Amino acid sequence: MKILKSIDLFLDHCEFEKNLSEKTIVFYRIDLLQFLDFVTLQKVRVINKIDKHIVKAYVQHLSKFEPRTVKRKIASSKAYLNFLEFEDYIVVNPYRKIRVRIKEPKQLPVVLELEEIQSLLSVVKKEGDKVSDKGGHQYMEKVRDLAILELLFATGIRVSELYNLTNENINLESGKVLVNGKGNKERIVQVCNPETLKTLEHYYKLYEDRLAKSGFFLSAA
């Protein structure tokens, strides 16, 4: 079978049998037509001539792209060859005979500037100040949101760590927060910002009954 015809069969399978999204099919088409261009340059025009040597050469050819793009293009060709194998158009997917490892460079997290943090906290605080009923649910939500943001920015803890904080983990008098991190390792983080401590005290006062019942910093809300 000619490779182009087999690609059309695969794309029809993706659209009508697997009901994949239009976006996914578009990417498959782009990647597989590029795969076709490559194997054609290798003088391969029928599917049973696609072997592990061709696939290895194709993976090396992709090295000029970004790691994420390489992973996607390999995934596209793998899915296509898996289809051919499953439908008995080829004996075995050549990818089964090679090992492919693509390392993506570690990306540093995006960090907000101090001015951006201050602006965000100011907006949330002003939203709370606008609420007339200081004992109502809407006001309590605003205080909760501010307490969460203040604690995150003041300590640098992860959201998952914040979620697992219990009432006993936070000492408002000393400003110390006991954090249970990755690998169940504990560490103490000191909150030095008086505004953050003030917000946390207000939060604990508003949610006193719920906090006593739940035992967790966030589940009370």
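Every residue gets a number counted from 1 within its own chain, in the order that chain's sequence is written. Given that the model is predicted, a residue must reach a pLDDT of at least 70 before its local features are reported, and side-chain atom pairs must reach 80 or more before they are shown or counted; all residues, however, enter totals for whole chains, interfaces and linings. Side-chain numbers here rest on the full set of heavy atoms in the structure, without hydrogens or water.

1. A closer look at the environment of Y28
In this description a helix means any DSSP run of H or I spanning at least four residues, a strand means any run of E spanning at least two, and both kinds are numbered starting from the N terminus. Turning to its location among the elements, Y28 is positioned in helix 2 (residues 22-41). Burial classification: accessible surface area is computed with a 1.4 Å probe over protein chains only, and a residue below 20% of its type maximum counts as buried, one above 50% as exposed, and the rest as partly exposed. In this structure Y28 comes out as buried when scored by relative accessible area, which is 15%. For the pair Y28 and A75, spaced 47 residues apart in sequence, the C-alpha to C-alpha distance is 9.1 Å.

2. Remarks on the environment of V70
Positionally, V70 belongs in helix 4 (residues 67-86). Between the alpha carbons of V70 and F216 there is a distance of 44 Å; along the sequence they are 146 residues apart. In what follows, residue pairs with any heavy atoms lying within 4.5 Å of each other are defined as contacts. V70 has contacts with L62, F65 and I102, leaving out every residue within four places of it along the chain.

3. A look at the pattern of salt bridges
One side chain can pair with another of opposite charge once the charged atoms of both are near each other. Salt bridges are defined by distance alone: a side-chain nitrogen of Lys or Arg within 4 Å of a carboxyl oxygen of Asp or Glu. According to the stated counting rule, one finds 8 salt bridges in the structure shown. The salt bridge partner of D31 is R72, with a shortest N-O separation of 2.6 Å. Linking D31 in helix 2 with R72 in helix 4, this pair joins segments that are 41 residues apart in sequence. Overall, D31 belongs to the buried group, its relative accessible area being 0%. Via salt bridges that share partners, D31, R72 and K73 belong to a single interconnected network.

4. Observations concerning helix 6 (residues 137-155)
Within an α-helix, residues lying three or four positions from one another point in the same direction, as the helix has 3.6 residues per turn. Take the number of residues in a helix, subtract one, and multiply by 1.5 Å to get its expected span. With 19 residues, helix 6 extends 27 Å from end C-alpha to end C-alpha; this agrees with the ideal 27 Å at 1.5 Å per step. Taken residue by residue, helix 6 has Y139, M140, V143, R144, L146, A147, I148, L149, E150, L151, L152 and T155 as its buried positions. Just downstream of helix 6 lies G156, where phi reads positive at about 75°.

5. Some points on the pairing of strand 3 (residues 186-190)
Where a strand is regular, its side chains alternate between the two sheet faces. The pairing criterion for strands is at least two bridges between them, as found by DSSP. Sheet topology places strand 2 (residues 176-180) next to strand 3; 5 bridges connect them, and they run antiparallel. By the bridge assignment, V179 is partnered in strand 3 with R187. Where strand 2 folds back on strand 3, the antiparallel hairpin that results is connected by 5 residues, among which G183 adopts a positive phi of roughly 70°.

6. Section: the packing of aromatic side chains
Between 30 and 60 degrees the pair is tilted, below 30 it is stacked and above 60 it is edge-to-face, where a pair is any two Phe, Tyr or Trp rings, Trp via its six-membered ring, whose centres lie within 6.5 Å. Counted according to the given criterion, the structure contains 11 aromatic pairs. Plain terms: the ring middles of F35 and Y58 are 4.8 Å apart, the flat faces sit at 80° to each other, and that makes the pair edge-to-face. Highlighted residues: F35 in helix 2 and Y58 in helix 3 (residues 52-61), separated in sequence by 23 residues. A single burial state applies to F35 and to Y58, both of which are buried. Aromatic rings pair up to connect F10, Y28, F35, F38, Y58, Y80, F83 and Y89 into one cluster.

7. Some remarks on the confidence of the model for the chain
Residue-level confidence of the predictor is what pLDDT reports, using numbers from 0 through 100. With 99% of its residues at a pLDDT of at least 70, the chain reaches an overall mean of 91. Looking across the chain, the model is least confident in helix 9 (residues 208-214), with a mean pLDDT of 87, and most confident in helix 1 (residues 3-17), with 97.

8. Overview of the packing of helix 1 against helix 4
Taken N-terminus to C-terminus, the directions of helix 1 and helix 4 make an angle of 95°; their axes are 10 Å apart at the nearest point. By the angle between their directions, the pair helix 1 and helix 4 is classed as roughly perpendicular. Each of I3, S6, I7, L9, F10 and H13 in helix 1 lies in contact with helix 4, whose residues at this interface are A79, Y80, F83 and L84. Amino acids are sorted into nonpolar (Ala, Val, Leu, Ile, Met, Phe, Trp, Tyr, Cys and Pro), charged (Asp, Glu, Lys and Arg) and polar (every other residue, Gly among them). Considered class by class, the residues forming the contact of helix 1 with helix 4 number 8 nonpolar, 2 polar and no charged. Interaxial angles span 0 to 180 degrees and are taken between N-to-C directions of axes, which are lines fitted to C-alpha atoms, for helices over the stretch in contact. Reported orientations rely on four angle classes, namely roughly parallel under 35 degrees, roughly antiparallel over 145, roughly perpendicular from 65 to 115, and oblique for the rest.

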